[in-house]
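# Examination of the molecular architecture
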Amino acid sequence: MKIWGLVTITLRELSAKATLIVLAGISTLIILGIFLSLSSSQVEDGINLMFFGSSVGSPVSHESLHEIVHGIQATLTKGLFWGIVLFGVIATAGIIPSALEKGTVDLYLSKPIARWELLLGKYLGAVVLMLFNIVYFLGALWFVFGIKVGVWNSQFFLSSITLTFVFACLFSIVALLGVLFRGPAIPIIGTFLYLFVGNLLEQREQVLYLISENPMYQRILDGLYYILPQISAMEANIANQITQQGLDWRPFAQSILSAGMLFGGSVAIFSKRDF
Amino acid sequence: MHAILSESLSKTYRSGITGKQPIIALANFSVEVAPGQIFSLLGPNGAGKTTFVKILLSLTHPTSGRASILGRQLPDVKVRERIGYLPENHRYPGYLTGEQLLRSFGQLGGIHRSALRSRINPLMELVGVAQWRSMKVRKYSKGMMQRLGLAQALINDPELLFLDEPTDGVDPVGRKEIRDILLNLKAQGKTIFLNSHLLSEVELISDRVAILDKGTLLKIGTVDELTSVGPEYLIGIGADLTEGFLHEASALLLKLSYTSDSISAQLSSTEELNKLIDLLRKYGIEITSIVKKRSTLEDSFINLLKKEVVS
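Residues numbered from 1 in each chain as written. Chains lettered and ligands numbered in written order. Predicted model: local features only at pLDDT ≥ 70, side-chain atom pairs only at ≥ 80, totals over all residues. Heavy atoms only, no water.

### Quick notes on the overall build of chain B
Test applied: A run of DSSP states H or I qualifies as a helix once it reaches four residues; a run of E qualifies as a strand once it reaches two. Both are numbered from the N-terminal end. Only the protein chains shown count as cover for residues, with accessible areas throughout obtained via the Shrake-Rupley method and a probe of 1.4 Å. None of His or the chain ends enter the tally, which takes Lys and Arg as positive and Asp and Glu as negative. A charged residue contributes its charge at one atom only: NZ of Lys, CZ of Arg, CG of Asp or CD of Glu.
Across its full length, chain B carries ten helices and 14 strands. Viewed in the frame of its principal axes, chain B has a C-alpha envelope of about 80 × 50 × 35 Å. Carbon and sulfur atoms make up 51% of the accessible area of chain B, which totals about 14700 Å². Of the charged side chains in chain B, 38 are positive and 33 negative; the average position of the first set lies 12 Å away from that of the second.

### Some remarks on the packing of aromatic side chains
Our working rule: Classification of ring pairs uses Phe, Tyr and Trp, with its six-membered ring standing for Trp, and accepts pairs whose centres are within 6.5 Å; under 30 degrees between planes counts as stacked, over 60 as edge-to-face, and the remaining range as tilted. Residue burial is assigned from relative accessible area. The probe radius is 1.4 Å, only protein chains are included, and a residue is buried under 20% of its type maximum, exposed over 50%, and partly exposed in between. Each ring is checked for a lysine NZ or an arginine CZ that lies within 6 Å of its centre and within 35 degrees of its normal; such an atom marks a charge sitting over the ring.
Using the criterion set out here, one finds 18 aromatic pairs over all chains in the structure. Geometrically, the ring pair formed by Tyr108(A) and Phe105(B) is stacked, given 5.9 Å between the ring centres and 20° between the ring planes. Pair noted here: Tyr108(A) is in helix H5 (residues 105-109) and Phe105(B) is in helix H2 (residues 98-108), and the two residues belong to different chains. Overall, Tyr108(A) belongs to the buried group, its relative accessible area being 2%. The ring of Phe270(A) carries Arg115(A) above its face, with NZ or CZ at 5.6 Å from the centroid.

### A look at the pattern of salt bridges
Worth spelling out the cut-off: By definition, a salt bridge exists where a carboxyl oxygen of Asp or Glu is found within 4 Å of a side-chain nitrogen of Lys or Arg.
Under the criterion given, the structure shown has 22 salt bridges over all chains. For Glu7(B), the salt bridge is made with Arg66(B), and the minimal N-O distance between the two is 3.4 Å. Note that Glu7(B) is positioned in strand E1 (residues 4-15) and Arg66(B) in strand E4 (residues 64-69), a separation of 59 residues in sequence. What makes Glu7(B) partly exposed here is its relative accessible area of 32%. Several salt bridges share partner residues, and in doing so they unite Lys2(A), Lys78(B) and Glu81(B) into one network.

### Comments concerning the sheet that holds strand E2 (residues 46-51) of chain A
Residue and element names in this part refer to chain A. Short version of the rule: The criterion for strand pairing is that DSSP finds at least two bridges linking the strands in question. In what follows, residue pairs with any heavy atoms lying within 4.5 Å of each other are defined as contacts. Simply put, an axis is a line fit to the C-alpha atoms, just over the touching stretch for a helix, and the angle between two N-to-C directions goes from 0 to 180 degrees.
Here three strands make up an open sheet; going across it, the order is E1-E2-E3 and the pairing antiparallel. The sheet terminates laterally at strand E1 (38-43) and strand E3 (54-55), the two strands that pair on one side only. Relative to E2, E1 runs antiparallel, the two being bridged by six bridges. Bridge pairing in E2 links Ser41 to Asn48. With respect to the sheet, helix H6 (residues 115-149) is in contact with E1 and E2, its orientation differing from that of E1 by roughly 25°.

### Quick word on the interface of chain A and chain B
To keep things clear, this is the line we draw: Counting of polar contacts relies on pairs of N or O atoms within 3.5 Å, with two restrictions inside protein: one atom must be capable of donating a hydrogen and the other of accepting it, and residues adjacent in sequence are counted only when both atoms are side-chain atoms. Any residue that is not Ala, Val, Leu, Ile, Met, Phe, Trp, Tyr, Cys, Pro, Asp, Glu, Lys or Arg is counted as polar, Gly included; the first ten are nonpolar and the last four charged.
Contacts between the two partners involve 29 residues from chain A and, on the opposite side, 32 residues from chain B. Taken together, the links from chain A to chain B amount to four salt bridges. With a shortest N-O distance of 2.4 Å, Glu101(A) and Arg91(B) are connected by a salt bridge. The interface formed by chain A and chain B contains 15 residue pairs in polar contact (both at pLDDT 80 or more). Contributing elements (two or more residues each) for the side of chain A that touches chain B: helix H1 (2-15), H5 and helix H11 (250-272) of chain A. Its residues assigned to classes, the side of chain A that touches chain B comprises 13 nonpolar, five polar and eleven charged.

### A closer look at the nonpolar core
Definition in use: The term nonpolar core refers to a set of buried residues drawn from Ala, Val, Leu, Ile, Met, Phe, Trp, Tyr and Cys, joined through side-chain atoms within 4.5 Å.
Judged by nonpolar contacts, the single largest core of 161 residues is most densely connected at Ile231(A), Phe270(A), Phe52(B), Ile69(B), Phe162(B), Leu182(B) and Phe193(B). If you look at the next biggest cluster of nonpolar residues, it comprises 16 residues, including Ile237(B), Ala249(B), Leu267(B) and Ile285(B).

### With respect to a nonpolar patch on the surface
Put simply, the rule reads: Grouping into patches uses exposed residues only, defined as over 30% relative accessible area, and leaves out salt-bridged ones; the cut-off is 9 Å for like charges and 5 Å for nonpolar side chains (Val, Leu, Ile, Met, Phe, Trp, Tyr).
Residues Leu32(A), Phe35(A), Leu36(A), Phe143(A), Ile147(A) and Trp152(A) make up a contiguous nonpolar surface patch of roughly 620 Å² in combined accessible area. Element by element, the count of residues in the nonpolar patch is highest for helix H2 (residues 18-37) of chain A, at three residues.

As structure tokens, this is what we get:
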């Protein structure tokens, strides 16, 4: 109940921000655009997929149509992934530092709330808000593809959960930096830097191993890869999920452990701090 | 059971680049606050008053010593269900309305929704912000914010209330209203711990007062004990003093100074006071009044701090 109270306050705080209104507005425009432009028609030799009333290629079979739509959905989700990173992190990076501000943290901690509960409530608030946004966007698009083209790809809709999971892992970095530096700027910069480094670590064998053949250096890179959330690997997996090629659960399992560890670190630092 | 019990509580902050420069915020501070009292902690800026409250609320960790609230050893999360806190320089979420704020913080205080519904309206009425219940907090004036802050501190019907400068920014009428609320809470058996710079107000409502400076307890006692100026009395008289009276008073080693209508006497005991009264009666000098001399709490506070500086 207390954690839900914190989630509610966080949702109200985030809803008051313009960034999320912009995100919801952009999502609505994309949904409307696809709704108005996309259609399909049954012709003699298959199904015609149309954008703005014009056919996209020649008529295709029912199976091929599914493949094409799944591909479009995977591309859209990839775009959404970066939308979440950009808008989501920017919009939510301030909520933990703002809770730790003098005059605010006193109010929270004078209530029967443990420090870990305060942090968890704020964390969940950010994740729940992103879940709402992602479900709104992907749910509406899933519905549009269903009614306009007849492709009801449940994996596309379910990828909203996967995307939220990725955001939750990423937010563990935002939370740790927020507790450490008590301002939104470093969490934002740090998270983007991490995404860049994470991408390099994902391709360490092709890129970073070329810098040095020292086994210690390579072991450090491997260690970092397995300690930190594997955002790039999860992103690639979401596309596989939508195109129904199956999910590799390993990056998700490893990332949840990493996120838990980072969150635990945030709680440990927060618990020792004087206000 | 004490409402608050602190035993040799100390807090040292570290500053400087290496963190080796110690700043003593609180030094072996021991205090007991009985239930149902209004207890005030006074001291100049940086005396350690807020640090003490923050340690009690587990916002700050003590360097040494221990403390308990309502019989529960600190730190204790659960005991905070029974306390209310109005911090100095609070920052309430501006995007909430007054009513939403009380609901949200009530929920965080572990109060059930149905109980909250019946509690919010009377509380807003009590502190005088009912007419602004639907207004966003960011539009509240400083005084309105203090009143709302008091309502927030009272939302869980606490047994122990910590108030840090509760009348800051409130107009004189509002201050009187807040004072009355606090006295009413005391009458209900609540314990109130007050940090305030407004000594005249503290004097009006406090049962006990502690004066703190540089983290050290200088003096503790009732307002009477802190404001009495030694055993000095002002005795109103209805006739001139006679030679005989002055001679006998001098023989009794009474230290007196006098005017045509009063005697100022420094007496070491009530026995000496009685001797003086007997002497006045013996010489037929009418006594119109007897007043024990006292200073204001502000005077006592300033004198005590001056002595501290000199020593």
